[in-house]
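What the coordinates show
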Amino acid sequence: MVRPQIPAGELGTIIVGLLPSGRYRARASARDDSGALHRLAAVAETEEDARADVRRQAMAFSTGGSGALLPSSTIADVIELWLSQILTRAKAGSLAYSTYESYEATARVIIVPRCGGVRLDRLTVGRCDRILQRILEEETISKARRARAVLSLVCGYAVRDDALERNPVRDVQRLPTSPKKESALTPKQINGIRDRMQQWRLTRDDGPRPNYRALIDGMDIMLGTSVRIGECIGLRRRDVDMTTQPPSLVVNGTIVSNKMQGTHRKDSPKRSRQRRSIALPSMAAAAVRRRLALAGPDPEAFLFPTRTGRSLSVSNYERLLRAFVEDERTNLVELGVDIDEYTTHIYRRTAATLVERAAGITLASRLLGHANEQTTRNSYVVTADQVDPVTAEILDAVLGA
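First things first, this report covers the structure right here in the doc.

Calculation notes
- Residues numbered from 1 in each chain as written.
- Predicted model: local features only at pLDDT ≥ 70, side-chain atom pairs only at ≥ 80, totals over all residues.
- Heavy atoms only, no water.
- Helix = DSSP H or I, 4+ residues; strand = E, 2+ residues; numbered from the N terminus.
- Buried < 20%, exposed > 50% of the residue type's maximum accessible area, 1.4 Å probe, protein only.
- Contact = heavy atoms within 4.5 Å.
- Areas by Shrake-Rupley, 256 points an atom, 1.4 Å probe, with all protein chains shown as cover.
- Pairing = 2+ DSSP bridges.
- Phe/Tyr/Trp six-rings, centres within 6.5 Å; stacked < 30°, edge-to-face > 60°.
- Core = buried A, V, L, I, M, F, W, Y, C linked by side-chain atoms within 4.5 Å.
- Axes fitted to C-alpha atoms, helices over the stretch in contact; angles between N-to-C directions.
- Parallel < 35°, antiparallel > 145°, perpendicular 65-115°, else oblique.
- Nonpolar A, V, L, I, M, F, W, Y, C, P; charged D, E, K, R; others polar.

1. Let's talk about the overall build of the chain
Looking only at helices and strands, the chain features 15 helices and eight strands. For the chain, the proportion of its 401 residues judged to be buried stands at 41%. In the chain, once contacts between residues fewer than 6 apart in sequence are set aside, the share between residues at least 24 apart is 60%. If you sum the accessible surface of the chain, you get close to 22800 Å²; carbon and sulfur atoms cover 50% of it.

Written out as structure tokens, the structure reads:
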């Protein structure tokens, strides 16, 4: 009878014998992925060590065998191995550290406390759906959506390690999206906010006056260019050109903060494809000139520097803005400003809305650096309540009086 051939990438039966010296010798045959046969041998003090050494030799030239996970492994087990792989990618530069920290926080705070002990062989589509629906009921839409994204990545890792046959998260019901923010500032509100910023804590004597100038200049630059707050405070002297007509700036970096690297400038925008040059309207150009007067002479000098010459952090700028909003809450409400939606993001939304209404969605999308216009329309452009009256003229022309 013909002995069955060892499949490519697999290890055959390990035979262990006791040597006169009292040590153990393990021998086996294995085929690599090309089908070539290899004779393996190992000598060790114990039988188990000898077997383990042979297995390690086989794994060195083959992708066969089993992965580190088993169907009996728990979600927490998978997360531990998956996060170590994600951290390796972050250290190699193919993934942002902030992305790793976001994944880690979601797994640690949301997923593991709720389902970390669930075994992979018990993780059905229905169970995944119930887990996510409970998070949605007890937490927020945002947390549920983050949990779904991370749990899907974790299950995908288990599939690749042969511990799951398919990713059950892919078939759960879709989660609702967060309500679209509908606030955008009007020119009257912008002028009113600028006046309140100039007067902010002007007459108080309980410590130094806050850096209101950075608030005003940051607002004018973000409104005039649609850049994000990290991209705004990450601007350097070399990134602006005031000699052209009109002046312009290049969006080619952003300020990010994470535990591993601290606060630093990343040499690309939030998305690398969003590098772009933007012409400055007069309001933004005036703000840039004021910042240039405060920046150092070095081309690398930040336009929003700290006392040590480093850039402001996003959290510090946003903390300054929150303090202003809290102190001026009554005056802002009188201006008709939606306090609950007043963050730095409202400036980007306002710029997109004003450009879209004047020149169309295509130009607004290009200004924001989006890859497609649907993203601009869904998340940034505030829909006008009144339909353009030109529709009446069109219908009159077609249908008659």
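There's more to say after this.
2. Side note on the pairing of strand β6 (residues 254-258)
Among the five residues in β6, four count as buried, and that is most of the element. Looking at chain direction, β6 and strand β7 (residues 262-266) are connected through five bridges and run antiparallel. Looking across to β7, one finds that T254 is bridged to K266. The turn linking β6 back onto β7 is made up of three residues.

3. Considerations on the packing of aromatic side chains
Tallied over the entire structure, the rule returns three aromatic pairs. Seen in terms of ring centroids, W82 and Y103 are 5.4 Å apart; in terms of plane orientation they differ by 40 degrees. Their pairing is tilted. Of this pair, W82 sits in helix α2 (residues 75-92) while Y103 sits in helix α3 (residues 97-115); the two residues are 21 residues apart in sequence, bridging distant segments of the chain. The class of Y103 is partly exposed, set by a relative accessible area of 21%.

4. Concerning the nonpolar core
Core analysis: the largest hydrophobic core is formed by 47 residues, its most contacted members being I193, M197, F324, Y342 and Y347. For this core, the elements supplying multiple residues, two or more each, are α6 (187-199), α7 (212-225), α8 (229-233), β5 (248-251), α9 (282-294), α10 (314-327) and α12 (345-359). Broken down by element, the residue count for this core peaks at seven residues, all from α7. Residues in contact with I193, not counting those within four places in the same chain, are L185, M219, F324, L332, L335, V337 and Y342.

5. Re the sheet that holds strand β2 (residues 24-31)
Pairing between the strands of a sheet comes from backbone hydrogen bonds, and it takes one of two forms, parallel or antiparallel. With antiparallel pairing, three strands are arranged side by side in an open sheet as β1-β2-β3. Each end of this open sheet is capped by a strand with a single partner; those strands are β1 (15-18) and β3 (37-44). The average angle at which neighbouring strand axes cross in this sheet is 20 degrees, direction not considered. Bridging between β1 and β2 involves four bridges; their strand directions are antiparallel. Of the residues in β2, the one forming a bridge with I15 is R27. Contacting β1, β2 and β3, helix α1 (residues 47-60) crosses the sheet at an angle of about 150 degrees to β3.

6. A few points about the sheet that holds β5
In space, the three strands of this open sheet follow the order β4-β5-β8, with antiparallel pairing throughout. What marks the edges here is a single partner per strand, and that holds for β4 (240-241) and β8 (276-279).

7. Description of the environment of L120
With respect to the helices and strands, L120 occurs in the loop between α3 and α4 (125-138). C-alpha separation for the pair L120 and V78, spaced 42 residues apart in sequence, amounts to 8.9 Å. Excluding its chain neighbours within four sequence positions, the residues that come into contact with L120 are L70, P71, S73, V78, A158, A163 and L164.

8. Re the packing of α3 against helix α5 (residues 141-160)
For the pair α3 and α5, the least separation of the axes is 10 Å and the interaxial angle reads 110 degrees. Considering the angle they form, α3 stands roughly perpendicular to α5. Side by side, α3 and α5 meet where Y103, T106, A107, I110 and I111 of the first sit next to K143, R146, A147, V150, L151 and L153 of the second. When the residues that make up the contact of α3 with α5 are grouped by side-chain class, the tally is eight nonpolar, one polar and two charged.

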